[in-house]
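A look at the structure
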Amino acid sequence: MGCCNSTSAAQSSKREWKPLEDRSCTDLPWLLLFILFCLGMGFICGFSIATGAAARLVSGYDSYGNICGQKNAKVERIPNSGMDHTHRKYVFFLDPCNVDLVKRKIKSIALCVAACPSHELKTIYEVQKFAEKNGSALCLYNLKPSEYSMHSKASVLCPKLPVPESAPIPFFHRCAPVNISCYAKFAEALITFVSDNSVLHRLISGVMTSKEIILGLCLLSLVLSMILMVIIRYISRVLVWILTILIILGSLGGTGVLWWLYAKQRKSPKETIIPEQLQIAEDNLRALLIYAISATVFTVILFLIMLVMRKRVALTIALFHVAGKVFIHLPLLVFQPFWTFLALLLFWIYWIMTLLFLGTLGSAIPKGEFVEFEVSGPLQYMWWYHVVGLIWISEFILACQQMTVAGAVVTYYFTRDKRNLPYTPILGSVNRLIRYHLGTVAKGSFIITLVKIPRMILMYIHNQLRGKENACARCMLKSCICCLWCLEKCLNYLNQNAYTATAINSTNFCTSAKDAFVILVENALRVATINTVGDFMLFLGKILIVCCTALAGIMLLNYQQDYTVWVLPLVIVCLFAFLVAHCFLSIYEMVVDVLFLCFAIDTKYNDGSPGREFYMDKVLMEFVENSRKAMKEAGKGGAADSRELKPMIMKAYTQEVTRKQ
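Residues numbered from 1 in each chain as written. Predicted model: local features only at pLDDT ≥ 70, side-chain atom pairs only at ≥ 80, totals over all residues. Heavy atoms only, no water.

Let's shift gears to the nonpolar core. One finds Leu333, Tyr413, Val591 and Leu595 to be the most contacted residues of the largest nonpolar core, which totals 65 residues. Examining the composition of this core, we find that 19 residues originate from one element, helix α17 (residues 567-605), more than from any other. Apart from the residues lying within four places of it in its own chain, the contact partners of Tyr413 are Lys418, Leu595, Cys598, Phe599, Asp602, Tyr615, Met616 and Leu620. Judged by nonpolar contacts, the second largest core, of 31 residues, contains Leu111, Ile124, Val127 and Leu140. (Core = buried A, V, L, I, M, F, W, Y, C linked by side-chain atoms within 4.5 Å. Buried < 20%, exposed > 50% of the residue type's maximum accessible area, 1.4 Å probe, protein only. Helix = DSSP H or I, 4+ residues; strand = E, 2+ residues; numbered from the N terminus. Contact = heavy atoms within 4.5 Å.)

Computed from the structure, the second largest pocket encloses a volume of approximately 1,500 Å³. If you trace the second largest pocket, you find 43 residues lining it, with Leu398, Gln401, His582, Cys583 and Ser586 closest to the centre. At the level of elements, α7 (211-234), α11 (336-359), α12 (382-413), α13 (425-464), α14 (471-505), α16 (524-557) and α17 are the ones that each hand at least two residues to the lining of the second largest pocket. Top contributing element to the lining of the second largest pocket by residue count: α17, with ten residues. Looking at side-chain class alone, the lining of the second largest pocket contains 24 nonpolar, twelve polar and seven charged residues. (1 Å grid on protein atoms, 1.4 Å probe; cavity = no way out; pocket = protein on both sides within 12 Å on 5 of 7 lines; lining within 4 Å. Points joined across faces, edges and corners; volume = space filled by probe spheres on them. Nonpolar A, V, L, I, M, F, W, Y, C, P; charged D, E, K, R; others polar.)

Side chains of Leu332, Phe335, Phe338, Trp339, Phe341, Leu342, Leu345, Leu346 and Ile349 sit close together on the surface and give an oily, nonpolar patch of about 860 Å² of accessible area. Structurally, Ile349 can be placed in helix α11. (Patch = residues over 30% accessible without salt bridge, like charges linked within 9 Å, V, L, I, M, F, W, Y side chains within 5 Å. Areas by Shrake-Rupley, 256 points an atom, 1.4 Å probe, with all protein chains shown as cover. Salt bridge = Lys/Arg side-chain N within 4 Å of Asp/Glu carboxyl O.)

Using the criterion set out here, one finds three disulfides in the structure. Disulfide partner of Cys68: Cys112, at an S-S distance of 1.9 Å. Note on the Cys68 and Cys112 pair: the S-S dihedral is about -80°, so by sign convention the disulfide is left-handed. Placement of the pair is Cys68 in the loop between α2 (53-59) and β1 (90-93) and Cys112 in strand β4 (residues 110-113), with a sequence separation of 44 residues. (Disulfide = S-S within 2.5 Å.)

Let us look at the environment of Met456. Mapped onto the elements of the fold, Met456 is located in helix α13. As for Met456 and Leu484, which are separated by 28 residues in sequence, their C-alpha atoms are 9.7 Å apart.

Among the structural elements, Val573 can be located in helix α17. Spatially, the C-alpha atom of Val573 lies 6.1 Å from that of Ile214, the residues being 359 residues apart in sequence. Ignoring anything within four residues of it in the chain, the contact list for Val573 reads Ile214, Leu217 and Thr549.

It is worth spelling out the pairing of strand β7 (residues 363-367) at this point. Note that β7 and strand β8 (residues 370-374) share five bridges and pair antiparallel. Within the sheet, the bridge partner assigned to Ile365 lies in β8 and is Glu372. Adjacent in sequence and paired antiparallel, β7 and β8 are bridged by two residues, among which Gly368 carries a positive phi angle near 70°. (Pairing = 2+ DSSP bridges.)

For the coordinates displayed, the defined rule picks out five salt bridges. A salt bridge links Lys443 to Asp27, with the nearest nitrogen and oxygen atoms 3.9 Å apart. Here Asp27 lies in the segment before α1 (28-50) and Lys443 lies in helix α13, a separation of 416 residues in the sequence. Measuring nitrogen to oxygen at the nearest pair gives 2.9 Å for the salt bridge that ties Arg455 to Glu488. With Arg455 in helix α13 and Glu488 in helix α14, the pair connects residues that are 33 residues apart, well separated along the chain. Among the residues examined, Glu488 registers a relative accessible area of 4% and is labelled buried. Among the charged side chains, a network of salt bridges with common partners joins Glu395, Lys452, Arg455 and Glu488.

With that settled, the discussion passes to the packing of α12 against α14. Axis separation between α12 and α14 bottoms out at 9 Å; the angle between their running directions is 45°. Considering the angle they form, α12 stands oblique to α14. Crossing handedness for the pair α12 and α14: right-handed. Two secondary-structure elements touch here, α12 through Glu395, Ala399, Gln402, Met403, Ala406, Gly407 and Val410 and α14 through Asn492, Gln496, Tyr499, Thr500, Thr502, Ala503 and Ile504. (Axes fitted to C-alpha atoms, helices over the stretch in contact; angles between N-to-C directions. Parallel < 35°, antiparallel > 145°, perpendicular 65-115°, else oblique. Left-handed = near helix turned anticlockwise from the far one by under 90°.)

The following block contains the structure:
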């Protein structure tokens, strides 16, 4: 990894910060532990492949333990095992829609067949004709195709009629029904809040018929997020007010459109509606009313929050402006969500594939006349190891993004002459991360994992005991889950600032976390004000993208005239839009947080005197001057805002006066 000497960070709280001067490996034992853990993950994957699980997963196997598409070994006490399925390459289920919700698998006999039924087979005679014509027997192996229509137990030994049209799943050789009605019935068993199954069918059909619109709206949210990032870069001073005005117009516009559609639908004459469509029309009217009321309540709450926050908005403009300069000098920061998402996607694909391998892992155990594969001994605990790996490595990838962003922004902030910035600060930050700080990232992500796992276990217990536990136990479980969630959020914020401290001073995780915590406590009012207002404005940006995407979705889906089916496509689009906006604007939020910590360190250890000049941007000094003037003006009237501004700028103002003297 290119590591050099071990870290020798001073433990004294009076140690001076030396930005970007000394570099040394931090938390090397944790890096070695993480590497060993990843080797364990690789061993699980390799073991599952070497023991034949990969062949069972990809090629599939029947209920007798035979792998499709190859010759098989005999399993004791199983009469139909050890068959030659070289020409039978696909798995066919006699009843593919019979899904076991508890064990999450299909409760049906599986057979290896030569071809999936390419059309619906309504009678046993059609099943027999298909077998004779295509050489693909769909009944049990001991029943010849010529006996299908004459056997007394054909209804048990042959597939359930009608046999749906099926197509093989790419790469996995399973015959899956083409018609989604089978999966709609499965969804009905999962979604218990829908009392009318026809509504659920209309929702699912609405998603299928609107898939092009959904895809287009998802791309629109991506474009809007990119545009918003450009706006933040160039007009950060007026961005806050632009966002405020646009969110007001967007929320009022969306609410107004919903009420207009409700009024239009209510005034439409019912005499022209045929009796079969009357119930659907009433459902549409009721759905529109619910949508309109929900939008109205959301708009009122949003206006009240904005009314309370309006006087604090100006405090974040300076940091937003400097953050915009950072994106101008470091444009590759905009693409950080893509690389992080790509890394997470590749890891999740690997994790899911290994999970599927584990699902087919084990020895053949006879269960009556059929076979099931089960894992016994210590190997059955590989599932837990694999789940911990999902959390730890996912958090590690996210922490690498935070460290990369922190390193690039720290380089920008503590370079006095911005014209002398390195050619690629992002790549330089990645280089320092790989050479020096992977151990720190591994340790920080492991701490988050230690908090996540108990919370997930408690959530699982709470879901399993839903309706069975008493009120006291339910309250205690929810309280523990809430406390662990709050602890996780606090640790996430502290970790991010610890990564910034590591990027500045190259200290280990614990030292960096302690130093960052001291700085944050000393600037508690600044943290509370700037982070609250800044996060709220970025949240408004996310809401703006969601509102614009949802408004476009309403206008595009309006032609369907079936308002009940709107809910699922709109929910999918809005969730995706919020996810995309969050990925992009979270980078901006990281930059603001890193700049704030750098600014706090700068004002603490520098006073502007020769040899201890400030590193901060001129815009931040203008912010201090403007805050000082506002404090003087507010002090004349004794306004409450002066009490909030005073502790935030008094120290910097005193240092500035000393420097001028």
